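# Results of the structural survey
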Amino acid sequence: MIRLLGIDPGLRFTGWGVLEAEGNRLRHVADGVIATDGDESVPLRLKSLDDQLAEILARYAPAEAAVEETYVNRNATATLKLGYARGVALLAPARLGIPVFEYGAKTVKLAVVGTGGADKTQVGLMVRRLLPGAAQKRADAADALAVAICHAHHRATVNAWKKPA
């Protein structure tokens, strides 16, 4: 059994989700959303994000973390701010020596829903089906759990390949 943390980074809202995986069996542990104050400066918001991620890491002690990769959109400023938050999401577990893995949105959707073009509603429905009891107060938490599920599946596949025939 291994405990995994999934993170869906954002400067305003960062989703997080913790699950335990043993082979193909998954168990929901916790999920939530970190919200930062939009009236504060970007550095203070990043500090708040880092502080809250540190609390989650200390509380749930995951063995590995997975972070969704940044997508580039038309608004360069929004993309840059998302990149800042993603940097904090990558650094927080790495600072503790926790291995961090990265997955693109299409890879996550394919692993959870079966198609890389799934929408947020479909992702949320499949996360609830795969992880009964997941609160998912916001789509960001569902997305973070989906990242963790994706990592659990990829991890199980890699481990299966490593076993001698």
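What counts and what doesn't
- Residues numbered from 1 in each chain as written.
- Predicted model: local features only at pLDDT ≥ 70, side-chain atom pairs only at ≥ 80, totals over all residues.
- Heavy atoms only, no water.
- Helix = DSSP H or I, 4+ residues; strand = E, 2+ residues; numbered from the N terminus.
- Pairing = 2+ DSSP bridges.
- Axes fitted to C-alpha atoms, helices over the stretch in contact; angles between N-to-C directions.
- Contact = heavy atoms within 4.5 Å.
- 1 Å grid on protein atoms, 1.4 Å probe; cavity = no way out; pocket = protein on both sides within 12 Å on 5 of 7 lines; lining within 4 Å.
- Points joined across faces, edges and corners; volume = space filled by probe spheres on them.
- Nonpolar A, V, L, I, M, F, W, Y, C, P; charged D, E, K, R; others polar.

### Description of unusual backbone geometry
- Backbone geometry at Ala61 places phi at a positive 45 degrees, although glycine is not the residue there.
- On the secondary structure map, Ala61 appears in the loop between α1 (42-60) and β4 (64-68).

### Quick look at the sheet that holds β4
- Pairing is mixed across the open sheet formed by 5 strands, whose spatial order is β3-β2-β1-β4-β5. Of all strands in the sheet, those bounded by a partner on one side alone are β3 (25-35) and β5 (100-103). Between one strand axis and the next, the sheet turns through 20 degrees on average, direction left out of account.
- Relative to β5, β4 runs parallel, the two sharing 4 bridges. When the sheet's bridge partners are listed, Ala65 is paired in β5 with Val100.
- The strands touched by α1 are β1 (2-8), β2 (13-22) and β3; relative to β3, the strand with the most contacts, the crossing angle is about 155 degrees.

### Here we look at the layout of surface pockets
- Each pocket or cavity is described by its volume, and for the largest pocket that value is around 330 Å³.
- Every residue lining the largest pocket is counted, 20 residues in all, and those nearest its centre are Asp8, Glu68, Tyr71, Lys120 and Asp143.
- Of all the secondary structure elements, the ones that give two or more residues to the lining of the largest pocket are α2 (76-95), α3 (105-112), α4 (120-130) and α5 (139-162).
- A class-by-class count of the residues in the lining of the largest pocket yields 9 nonpolar, 2 polar and 9 charged.

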